[in-house]
Each structure stands twice: as C-alpha cells, then as structure tokens.
Amino acid sequence: MTPRKKLRGLVAATITPMTPDGQINLPVIRQYVDYLISKQNVKNVFVNGTTGEGLSLNIQERKQLAEEWVCQGKDKLDHVIVHVGALSLPESQELARHAAAIGASGIAVIAPFLFKPTNKDELIAFLQKVASEAPAVPFYYYHIPPLTGVKIRVEELLDGIKERIPTFQGVKFSDRDLLDFAQCIHKHEREQLAFLYGVDEQLLSALAIGAHGAVGSTYNYLGRKTNLMLEAFAKPDLALARKYQFLTGDFLNFVIKLGFGVAQTKAVMTLVSGIPMGPPRLPLVDASEEFIVKAKAKLDSIVWPDSD
Ligand SMILES: CC(=O)N[C@@H]([C@@H](O)[C@H](O)[C@H](O)CO)[C@@H](O)CC(=O)C(=O)O
C-alpha cells in the first residue's frame, strides 16, 4: 500500500475480533473496515497494538491479521500501520519483513518490556534492528510507559534518531506527559513527522500543543464524535471542541471507575457497532454483564452537541 496522504487525523487502534472459542475471527474484518469508514469517518488503522492484544497473539495470527487488514483496506483505508513489536528481536524483525512484503503503510514498535532497555542507546539499538528489516516502510516508535514501564523520555530518544533510523516517521505517544510530547513537536517542527497522541480523554490538550493526530481505542466507536471535535478545534470553535472532549471524557471517566481495559473495549465496540468482537484472550477476561448494562446506559444518556 503506497500512502497517498500524510498520516494525520484519527487512527483506530483496532480490536482483534475473536470467535467464542478464542480463535481470531478474520471474516469480520471486512465489515469492520466498512464500519469504521461509513459510521466513524475513520480511515486509518493501527493493527496488533495494545487494543488488538498484539502481544497475546502468536506470530502466525499477527501475520494473518495484518494481511487481512491490508487486503480489506485496499482502496478504502488511507493507512494501515502494523505494530510489529515483540519481546524477541528476531520475531519483531520477522514481523517487520512481513509487514513490508504485504504492503503495510507503516510499522510501529513498542519498547521491549520484560528485559527493558535502560537507556536511550539500548532502545534505539533495538528499534534500529527492527526498522532496518523494512527499509522502505515508514517507522513509528510506540511509546506507552504505563504498560511497558520503559520511561525513557521521547524527546531524548528522538535526538539524532534519523541518522540511526532513516525511515523514522513519528511517534505514537500513549502517555500523559504533555511536556515531553510538546518538546518532541517543538524540536521537530521543520521535519515531516507525525506525532500522534494516544490518551483519548486528553486529546484536546494534545491538539493545543500541535498533535498531528491520534491513535486510540475509542476511535473505533467514538470516532465520528471525536472527528467533530477535531473540526471544531480547526475552525476554531474551542467551546464546541471542549464540549466533545468533556462528553467523551464523561463516558471514559464513568467506565474507568467501573474497570476499563481491552476486554471492556471489546464489549463496548460489540454493543455500539453490532460487530461481534468476541472475548479477549487470557489473562484478560470478558467484561461483566453489569459493566455492559451500565456502559450502555451511560452512552445512551449522553446528549451530543450535534444531536441537539
Ligand atoms: C492504555 C491504552 O490502552 N491506551 C489506549 C487508549 O486509546 C485508551 O484506551 C483510551 O485513552 C481510554 O483510556 C491507546 O493508547 C492504545 C493504543 O492505541 C493501542 O491499542 O495500540
């Protein structure tokens, strides 16, 4: 897939649909692609990331999912970014070569998080070994310290990164440290990079400091509302943009208090889209019936500015 457009705007961190017995449910991807485009106005996806349970899948499953998204997204989606990070360097390299071979429009890599890099040079060395396996594919660093425990500041990581990784194209920044994020944007203003924010409930703050877009789980089912927030911000109509952020925040605040993670995201997506996302894979367990009832009631109670 040769991207015609720069990576901008919303990117859905895709969920991995599974059958009730826990196999990946590939036939659902076609419907999923159409749903994202027609109902959520989202035309970029990030496959096999956190929301996609990428690190809980085996290599074969990850390849099959990547292929299906690229194939079903052909001439429909703008970007299919495949997350190829793994704890094992050879596995990550194999996934990178595979993503290149199938025509993914980008690859992303998370920091290894069992044996962790202890400094910037160790992390770059790992990222470089993966990126070099796909020398014609844009490369994104996936920063998610709340899950990896790797807290190397991105601002420092990016210093000189282009010399080591010529395909470096940007960062998916899933952390609340907006000072670090702002410094990345500020220091690389002149380069054609994409700084994508990954804490959906704080996206408006990230837009204010120059985020080029966002990757997140909620854009699967709140993509249309979040796109209206982006439009309001661009106008600029900050009062309206805030309304959307407060309302999506109100929903997330509610479900986070109930206990919210990938399993619950799967349940909410099934509820909203009607597409069966199935159960999560252990150690995650299904969302409770009580959670689903309460989440639905909360979503139904929200009065959005565009439905006035
Ligand atoms: C920790 C986590 O899962 N963060 C999500 C957010 O989209 C998150 O679900 C959202 O902000 C709600 O808290 C994304 O940053 C993860 C993501 O993009 C991915 O699945 O690759």
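Residues numbered from 1 in each chain as written. Predicted model: local features only at pLDDT ≥ 70, side-chain atom pairs only at ≥ 80, totals over all residues. Heavy atoms only, no water.

Looking at an unreviewed UniProt entry, the protein chain carries the name N-acetylneuraminate lyase, with the source organism given as Cuculus canorus. UniProt annotates the protein chain under Catalytic activity (unreviewed entry) with the comment "aceneuramate = aldehydo-N-acetyl-D-mannosamine + pyruvate". Annotation of the protein chain in UniProt includes, under Subcellular location (unreviewed entry), the sentence "Cytoplasm". (UniProt positions renumbered as here; feature names shortened; annotations may be inferred.)

Novice: Can you lay out the pattern of salt bridges for me, pointing to particular residues and giving the numbers?
Specialist: This structure, assessed with the given rule, holds 15 salt bridges. Lysine 76 is the salt-bridge partner of aspartate 34, the closest N and O atoms lying 2.9 Å from each other. In this pair, aspartate 34 is assigned in helix H1 (residues 28-40) and lysine 76 in the loop between helix H2 (59-73) and strand E3 (79-83), connecting sequence segments 42 residues apart. A relative accessible area of 31% means that aspartate 34 is categorised as partly exposed. (Salt bridge = Lys/Arg side-chain N within 4 Å of Asp/Glu carboxyl O. Helix = DSSP H or I, 4+ residues; strand = E, 2+ residues; numbered from the N terminus. Buried < 20%, exposed > 50% of the residue type's maximum accessible area, 1.4 Å probe, protein only.)

Novice: Residue-level account of H2, with values.
Specialist: Look at H2: 21 Å from first C-alpha to last across 15 residues, which is about the 21 Å you get at 1.5 Å a residue. The element H2 is extensively covered by neighbouring structure, given that 11 of its 15 residues are classed as buried. Inspection of H2 places Ile59, Glu61, Arg62, Lys63, Leu65, Ala66, Glu68, Trp69, Val70, Gln72 and Gly73 among the buried residues, and these make up the whole buried set. Buried residues in H2 make contact with H1, strand E2 (44-47), E3 and helix H3 (89-102). (Expected span 1.5 Å × (residues − 1). Contact = heavy atoms within 4.5 Å.)

Novice: Break down helix H10 (residues 223-234) for me, with residues and values.
Specialist: End to end, H10 covers 16 Å across 12 residues, agreeing with the expected 16 Å (1.5 Å per residue, within 8%). Three or more residues of H10 are buried, namely Gly223, Lys225, Thr226, Asn227, Leu228, Met229, Leu230 and Ala232.

Novice: Describe in detail the packing of H10 against helix H11 (residues 238-258), supporting the description with residues and values.
Specialist: At a minimum axis distance of 7 Å, the contact between H10 and H11 shows a crossing angle of 155°. The angle between H10 and H11 places the two elements in the roughly antiparallel class. For the pair H10 and H11, the sense of crossing is left-handed. Residues Lys225, Thr226, Leu228, Met229, Ala232 and Phe233 of H10 touch H11, and the partners they reach there are Leu238, Leu240, Ala241, Tyr244, Gln245 and Thr248. (Axes fitted to C-alpha atoms, helices over the stretch in contact; angles between N-to-C directions. Parallel < 35°, antiparallel > 145°, perpendicular 65-115°, else oblique. Left-handed = near helix turned anticlockwise from the far one by under 90°.)

Novice: Provide a residue-level description of the packing of aromatic side chains, including the pertinent values.
Specialist: On inspection of all chains with the given rule, the structure shows eight aromatic pairs. Judged by centre distance (4.8 Å) and plane angle (70°), the rings of tyrosine 32 and tryptophan 69 are edge-to-face. Of this pair, tyrosine 32 sits in helix H1 while tryptophan 69 sits in helix H2, and the two are 37 residues apart along the sequence. Note on tyrosine 32: relative accessible area 0%, which makes it buried. Relative to phenylalanine 251, the ring of tyrosine 221 lies with its centre 6.3 Å away and its plane at 80°, an arrangement referred to as edge-to-face. Taken together, the residues tyrosine 221 in the loop between strand E8 (213-216) and H10 and phenylalanine 251 in helix H11 connect sequence positions 30 residues apart. As far as burial versus exposure is concerned, tyrosine 221 and phenylalanine 251 are alike and both buried. Here the basic side chain of lysine 172 rests over the ring of phenylalanine 46, its NZ or CZ set 5.1 Å away from the ring centre. (Phe/Tyr/Trp six-rings, centres within 6.5 Å; stacked < 30°, edge-to-face > 60°. Lys NZ or Arg CZ within 6 Å of the ring centre and 35° of its normal.)

Novice: Give a description of the UniProt feature "binding site: pyruvate" (unreviewed entry) in the protein chain that names residues and reports values.
Specialist: In the UniProt entry, the feature "binding site: pyruvate" (unreviewed entry) is given for Thr51 and Val215. The greatest C-alpha distance among the residues just named is 10.6 Å, despite their covering 165 residues of sequence, which places them together in space. The annotated residues that sit in the lining of the largest pocket are Thr51 and Val215. Here threonine 51 lies in the loop between E2 and H2. On the accessibility criterion, threonine 51 (9% relative accessible area) is buried. Its place among the elements puts valine 215 in strand E8. Residue valine 215 is classed as buried on the basis of its relative accessible area, which comes to 1%. Residues contacting valine 215, with those up to four places away along its chain left out, are Val11, Ala13, Phe46, Lys172, Leu196, Tyr197, Gly198 and Asp200. (1 Å grid on protein atoms, 1.4 Å probe; cavity = no way out; pocket = protein on both sides within 12 Å on 5 of 7 lines; lining within 4 Å.)

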